[in-house]
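# Understanding the architecture of this molecule
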Amino acid sequence: MPRPKAFVTRVIPEAGIERLAAVYDAEVNREDRQLSPQEIAGHAKGCQALITLLTDRVDGALLDLCPDVRIVANVAVGYDNVDVPAATERGVWVANTPGVLTETTADLAWALLMATARRLGEAERFVRAGRYHGWGILMLLGGDVHGKTLGIVGFGRIGQAVAKRARGFEMRVLYTDAQRVSGAVEHDCRATFVDKATLLAESDFVSLHVPLMPQTHHWLGETEFMAMRSTAYVVNTSRGPVIDEAALAKALRSGWIAGAGLDVFEREPQVHPDLLACENALLLPHIGSASIETRDRMATIAADNCIAFARGERPPTAVNEPVQAKA
Ligand code: GLV
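Here goes a summary of the coordinates provided. Each chain carries its own residue numbering, running from 1 in the direction its sequence is written. Restriction of local features to residues with pLDDT of at least 70 applies here, the model being predicted, together with a cutoff of 80 or more for giving and counting side-chain atom pairs; totals for whole chains, interfaces and linings are based on all residues. Only hydrogens and water are removed before side-chain values are computed, so all heavy atoms of the structure are retained for them.

Moving on, we get to the overall build of the protein. For the protein, the count of helices and strands is 13 helices and twelve strands. Taken along its principal axes, the extent of the C-alpha atoms in the protein is 75 × 50 × 30 Å. Under the scheme applied here, a residue whose accessible area is under 20% of the maximum for its type counts as buried, over 50% as exposed, and between as partly exposed, the area being computed with a 1.4 Å probe on protein chains only. Out of the 327 residues in the protein, the part that is buried amounts to 49%. Per-residue accessibility takes into account occlusion by the displayed protein chains alone, with areas from the Shrake-Rupley method and a 1.4 Å probe. Carbon and sulfur atoms form 54% of the exposed surface of the protein, whose accessible area is close to 15500 Å². Here the protein contributes 34 positive and 40 negative side-chain charges, whose respective centroids are spaced 2 Å apart. Think of it this way: any DSSP run of H or I at least four residues long counts as a helix, any run of E at least two long counts as a strand, and we number them from the N terminus. Two residue types count as positive, namely Lys and Arg, and two as negative, namely Asp and Glu; His and chain ends fall outside the count. Note on charges: their place is set at NZ of Lys, CZ of Arg, CG of Asp or CD of Glu.

For the rest of this paragraph, the subject is the nonpolar core. Of all hydrophobic cores here, the largest spans 51 residues; its most connected members are Ile51 and Leu150. For this core, the element with the highest residue contribution is helix α5 (residues 102-117), accounting for eight residues. Delimitation of the domains relies on an automatic or database domain assignment. Two domains share this core, each providing at least three of its residues, namely domain 1 (5-100 + 292-310) and domain 2 (102-283). Whether two residues are in contact is decided by their heavy atoms, any of which lying within 4.5 Å being enough. With near-sequence residues (within four places) excluded, isoleucine 51 lies in contact with Phe7, Val8, Thr9, Ile12, Leu20, Ala73, Val75, Ala302, Ala303 and Cys306. We define the nonpolar core as a collection of buried residues of types Ala, Val, Leu, Ile, Met, Phe, Trp, Tyr and Cys that are connected through side-chain atoms lying within 4.5 Å of one another.

Residues Val127, Tyr132, Trp135, Ile137, Leu138 and Leu141 make up a contiguous nonpolar surface patch of about 770 Å² in total accessible area. Among the structural elements, leucine 138 can be located in the loop between α6 (120-128) and β6 (149-153). Patches here are clusters of residues that have more than 30% relative accessible area and form no salt bridge, with a 9 Å joining cutoff for like charges and a 5 Å cutoff for nonpolar side chains (Val, Leu, Ile, Met, Phe, Trp, Tyr). When a carboxyl oxygen of Asp or Glu lies within 4 Å of a side-chain nitrogen of Lys or Arg, that pair is called a salt bridge.

This next bit is on the environment of arginine 311. Tracing the chain through its elements places arginine 311 in the segment after α13 (292-310). Note on arginine 311: relative accessible area 57%, which makes it exposed. In the structure, arginine 311 is positioned 288 residues away from valine 23 in sequence and 9.5 Å away in space, judged by C-alpha atoms.

Attention now goes to the sheet that holds strand β5 (residues 93-95). Strand order in this open sheet of five strands is β2-β1-β3-β4-β5, and the pairing throughout is parallel. Strand pairing shows two members of the sheet lacking a second neighbour, β2 (25-28) and β5, which therefore form its edges. With strand direction ignored, the average angle separating the axes of adjacent strands in the sheet is 15 degrees. Angular values range over 0 to 180 degrees, each being the angle between N-to-C directions of two axes fitted as lines to C-alpha atoms, with helices fitted over their stretch in contact. Contacts from helix α2 (residues 37-44) reach β1 (5-8), β2 and β3 (49-52) within the one sheet, and its direction differs from that of β1 by about 155 degrees. Those strands touched by α13 are β3, β4 (71-74) and β5, and its axis lies near 165 degrees from that of β4. One bridge is not enough; two strands pair if DSSP finds at least two bridges between them.

According to the stated counting rule, one finds 22 salt bridges in the structure shown. Note that arginine 19 and aspartate 304 form a salt bridge whose closest N and O atoms lie 3.1 Å from each other. Taken together, the positions of arginine 19 in helix α1 (residues 14-21) and aspartate 304 in helix α13 put the pair 285 residues apart, joining distant regions of the chain. Note that arginine 172 is salt-bridged to glutamate 202, the shortest N-O span being 2.6 Å. A residue pair is termed long-range when its members are at least 10 positions apart, and arginine 172 in strand β7 (residues 172-176) and glutamate 202 in helix α9 (residues 196-202) qualify at 30 residues. Looking at arginine 172, the relative accessible area reads 40%, which means it is partly exposed. When its relative accessible area of 27% is taken as the criterion, glutamate 202 is described as partly exposed.

Next up on the list: the packing of aromatic side chains. Under the pairing criterion, centres of Phe, Tyr and Trp rings, with the six-membered ring standing for Trp, must be within 6.5 Å; the plane angle then separates stacked pairs below 30 degrees from edge-to-face pairs above 60, leaving the rest tilted. Using the criterion set out here, one finds five aromatic pairs in the structure. Judged by centre distance (6.5 Å) and plane angle (45 degrees), the rings of phenylalanine 126 and tyrosine 132 are tilted. In this structure phenylalanine 126 comes out as buried when scored by relative accessible area, which is 13%. The interplanar angle of 15 degrees and the centroid separation of 4.1 Å between the aromatic rings of phenylalanine 155 and tyrosine 175 together place this pair among those described as stacked. In this pair, phenylalanine 155 sits in the loop between β6 and α7 (157-165) while tyrosine 175 sits in strand β7, placing the two residues 20 residues apart along the sequence. Across the pair, tyrosine 175 and phenylalanine 155 agree in class, each one buried.

Further remarks concern the layout of surface pockets. Only protein atoms enter the 1 Å grid used here. Points where a 1.4 Å probe fits but cannot escape make up a cavity, open sets with protein on both sides within 12 Å along at least five of seven lines make up a pocket, and a residue lines them when an atom lies within 4 Å of a point. Grid points are joined across faces, edges and corners, and a volume is the space filled by probe spheres set on the points. Estimates place the volume of the second largest pocket at around 280 Å³. Lining the second largest pocket are 22 residues, with Glu122, Arg125, Glu279, Asn280 and Ala281 positioned closest to its centre. Contributions of two or more residues to the lining of the second largest pocket are made by α5, α6, β11 (259-262), α12 (273-276) and β12 (281-283). Charged residues are taken to be Asp, Glu, Lys and Arg, nonpolar residues to be Ala, Val, Leu, Ile, Met, Phe, Trp, Tyr, Cys and Pro, and polar residues to be all remaining types, Gly included. Of the residues belonging to the lining of the second largest pocket, the class tally is twelve nonpolar, six polar and four charged.

Turning our attention to the site of the ligand. Around the ligand, the neighbouring residues are Leu54, Ala76, Val77, Gly78, Leu101, Arg239, His286 and Met298. Here a polar contact means two N or O atoms within 3.5 Å. Within protein one must be a hydrogen donor candidate and the other an acceptor candidate, and residues neighboring in sequence count only if both atoms are side-chain atoms. Between the ligand and glycine 78 there is a distance of 2.8 Å, counted from an oxygen atom to a backbone nitrogen or oxygen. Between histidine 286 and the ligand, the recorded distance is 2.7 Å, taken from a side-chain N or O atom to an oxygen atom. When the residues that make up the shell around the ligand are grouped by side-chain class, the tally is five nonpolar, two polar and one charged. Working definition: residue near molecule or strand if any one of its non-hydrogen atoms lies within 4 Å of it.

In structure tokens, the structure reads:
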């Protein structure tokens, strides 16, 4: 039996490549740049598995250019870059990497939350610019974190992990989601379910943990920022388009809210120029899951999905059921 073939669209941790190579003849795009659909199709010729990153747009047009591909293993928990219905109707599995990045992403959300409230980005720039000429009692004052109200939008794995960390800071935790979680989970996370209006009105910190879907696109816009406290902070480690960036820049400039910590942007890698001009926005280049251990695990899970497929098994973290799985 010839070995199945796989194409990895961009460099991923070696742990995943080694795992994949045990079963597949795997080619990796070693140039660390995003390939065009035509380039991906050229490399994916004869490949049953395509390992993609969130920077790849995998749509019906790309899948039509790659007729041999039967599984797309996306090395991310979010898969809004993949047109899942288009894959499903073409008999192609789509898999993501849930679970392994939960705690790492929650850590980063907390790092952003604290850094935003205590103005760490500004403070660091201040020192590096040679402006620190002596301690000052009114210098770089921020907001307290402990004892405040944290509003979590999207109470899945990551939202819950963020809530649990709030205990050490003696915070009140509110959450909103399309569905309420069980009483046991609410108790474990010490979180109270509220509607959107209550969460916006009562939270000192609003942290976003929803997937990007039509219902979550621009979940925070001008109306919502105006409904928030002027002392409140927004933290986004989910997907950029969940926030209307132009409205956020206006809210930051106008003092409708106190600050924002963003790990994701509407049109990555571009950052809205108005946000770049806001001192009270702390901006990171989408590093939510970027720990060595977690990225290894994500790459390994993607390989495991491809391996399960090659063995005729269901990819363990598939997000679809291909309607007419190709023989
Ligand atoms: C990162 O953003 C991911 O979805 O894994």
